Amino acid sequence: MSLAYNQAIDAWRRDEVPIGCVIEHGGEVIALAHNTVESAQDPTAHAEVLAITQAAAKLGNWRLEDCTLYVTKEPCPMCAGATLMSRLKRVCYAVPDPKMGCLGGATDLNALPRVNHHLEITAGGVLEEECRTLIQAFFKLKRTAEPSTEGSILPPL
């Protein structure tokens, strides 16, 4: 999880939402990624999706059956779906997300009875407080930032 946290810090430095992800296979890190939605102008450029793509390319197989994904925040609907579709063995996330998390938070795609693959889930605990603090600090700064246009009639974010 510490490598995923370092990826989240890299995202922050690039003014991206600080989410980081790592995929491990057989004790070896095969993918490292962080959100690049803003820089890529791509709504699918979430850390988990990018890491899954890297891991599949590294293994030459879209089925990541013996892999574990570590991510700093519970996956959203898109990313939770990608973890299931890629047949990951296990997902570990640091911070639960009761609003948008889809592996136990707001909903649990993994628990749907007709899903043909189920993940092992480890939720919270490892670096949870550090990851939560990083995400909260990022959004607090974004919300308190002054608008860049002088004389704007819009209130500060």
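Residues numbered from 1 in each chain as written. Predicted model: local features only at pLDDT ≥ 70, side-chain atom pairs only at ≥ 80, totals over all residues. Heavy atoms only, no water.

Colleague: Where do I start with the sheet that holds strand β5 (residues 120-123) in this structure?
Modeller: Overall, mixed pairing links the 5 strands, which are arranged β2-β1-β3-β4-β5 in an open sheet. This sheet does not close on itself; its edge strands, each paired only once, are β2 (28-34) and β5. Between one strand and the next, the sheet's axes are offset by a mean angle of 15°, whatever the strand orientation. Where strand β1 (residues 20-25) lies against β2, 6 bridges are found, and the strand directions are antiparallel. Following the sheet pairing, V22 is matched in β2 by L32. (Pairing = 2+ DSSP bridges. Helix = DSSP H or I, 4+ residues; strand = E, 2+ residues; numbered from the N terminus. Axes fitted to C-alpha atoms, helices over the stretch in contact; angles between N-to-C directions.)

Colleague: How do you make sense of the layout of surface pockets when you look at a structure like this?
Modeller: One number sums up the size of the largest pocket: a volume of about 670 Å³. Along the walls of the largest pocket sit 24 residues, with V17, K73, D97, I135 and F139 positioned nearest its centre. For the lining of the largest pocket, the elements supplying multiple residues, two or more each, are α2 (37-40) and α5 (128-144). At 5 residues, α5 tops the list of elements feeding residues into the lining of the largest pocket. (1 Å grid on protein atoms, 1.4 Å probe; cavity = no way out; pocket = protein on both sides within 12 Å on 5 of 7 lines; lining within 4 Å. Points joined across faces, edges and corners; volume = space filled by probe spheres on them.)

Colleague: Mind showing me how you'd approach the packing of aromatic side chains here?
Modeller: Geometry of an aromatic ring pair is reported as the spacing of the ring centres plus the angle between the planes. One pass over the full model with this rule turns up 2 aromatic pairs. Here the aromatic rings of W12 and F138 are separated by 5.4 Å at their centres, their planes lie at 70°, and the arrangement is edge-to-face. Linking W12 in helix α1 (residues 2-13) with F138 in helix α5, this pair joins segments that are 126 residues apart in sequence. The interplanar angle of 85° and the centroid separation of 5.3 Å between the aromatic rings of F138 and F139 together place this pair among those described as edge-to-face. Aromatic rings pair up to connect W12, F138 and F139 into one cluster. (Phe/Tyr/Trp six-rings, centres within 6.5 Å; stacked < 30°, edge-to-face > 60°.)

Colleague: When you look at the side chain of R87 in this model, what are you seeing that I'm missing?
Modeller: With respect to the helices, strands and loops of the structure, R87 is situated in the loop between α4 (77-85) and β4 (90-95). Of the side chains with opposite charge, E65 comes closest to the buried, unpaired R87, at an N-O distance of 5.5 Å. Within the local environment of R87, its side chain forms a polar contact with the backbone oxygen of M85, the two atoms lying 3.2 Å apart. For R87, the residues in contact, after removing those within four places along its chain, are W62, R63, L64, E65, N116 and H117. (Buried < 20%, exposed > 50% of the residue type's maximum accessible area, 1.4 Å probe, protein only. Lys, Arg positive; Asp, Glu negative; His and termini not counted. Salt bridge = Lys/Arg side-chain N within 4 Å of Asp/Glu carboxyl O. Polar contact = N/O pair within 3.5 Å; in protein donor to acceptor, adjacent residues only side chain to side chain. Contact = heavy atoms within 4.5 Å.)

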